[in-house]
Amino acid sequence: MADDVTPDEEMAKRFEKYRRHLKAEREMRPGIMADALEMLRRGAGTQALADWTGKTDETFRTLARKHGIEPPPEYKSRSEKAKRRAAGEGV
């Protein structure tokens, strides 16, 4: 690739806007994750947190597991069924 290739003005503006948003997300993430952890401890579901933040529910399942918070019952039952299927047991 040539080093002399540059984006047009409109594309450069989009790149700059994207970079600003990424920086803002990085700055906000620790506080948001602390708030999410508090909400998990209060009993909020991972899907609700995903809906509120735009992140995936897996992000919050991982956070919950890391802090010893039990997964929501509906997720736990799906996980147990998948494990039984993998072990060749009937579901």
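Just so you know, these numbers come straight off a predicted model, no measurement behind them.

**Let's talk about the overall build of the protein**
And then number 1: Assigned secondary structure in the protein consists of four helices and zero strands.
And then number 2: For the protein, buried positions account for 15% of its 91 residues.
And then number 3: Relative to all contacts within the protein whose residues are 6 or more apart in sequence, the contacts with residues 24 or more apart total 36%.
And then number 4: Of the roughly 7,400 Å² of accessible surface on the protein, 54% is carried by carbon and sulfur atoms.

**Looking at the environment of Thr-56**
And then number 1: Considering the arrangement of structural elements, one finds Thr-56 in the loop between α2 (46-53) and α3 (57-66).
And then number 2: Relative accessible area serves as the criterion here: at 48%, Thr-56 is assigned to the partly exposed category.
And then number 3: Spatially, the C-alpha atom of Thr-56 lies 8.4 Å from that of Thr-46, the residues being 10 residues apart in sequence.
And then number 4: Within polar-contact distance, the side chain of Thr-56 engages the side chain of Thr-59 at 3.1 Å.

**Here we look at the pattern of salt bridges**
And then number 1: Summed over all chains, the structure comprises 11 salt bridges.
And then number 2: A salt bridge links Arg-14 to Glu-10; its shortest N-O distance comes to 3.1 Å. A residue pair is termed a helical-turn pair when its members lie 3 or 4 positions apart in one helix, as Arg-14 and Glu-10 do in helix α1 (residues 9-42) at four residues.
And then number 3: In this structure, Glu-27 and Lys-23 form a salt bridge, with 3.9 Å as the shortest nitrogen-oxygen distance. Of this pair, Glu-27 and Lys-23 both sit in helix α1, four residues apart, which is roughly one turn of the helix. Lys-23 carries the same exposure label as Glu-27, and that label is exposed.
And then number 4: Taken together, the shared-partner salt bridges connect Asp-57, Glu-58, Arg-61 and Arg-65 into one network.

Conventions we followed
Residues numbered from 1 in each chain as written. Predicted model: local features only at pLDDT ≥ 70, side-chain atom pairs only at ≥ 80, totals over all residues. Heavy atoms only, no water. Helix = DSSP H or I, 4+ residues; strand = E, 2+ residues; numbered from the N terminus. Buried < 20%, exposed > 50% of the residue type's maximum accessible area, 1.4 Å probe, protein only. Contact = heavy atoms within 4.5 Å. Areas by Shrake-Rupley, 256 points an atom, 1.4 Å probe, with all protein chains shown as cover. Polar contact = N/O pair within 3.5 Å; in protein donor to acceptor, adjacent residues only side chain to side chain. Salt bridge = Lys/Arg side-chain N within 4 Å of Asp/Glu carboxyl O.

Everything listed here is a matter of geometry and, on its own, says nothing about what the molecule does.
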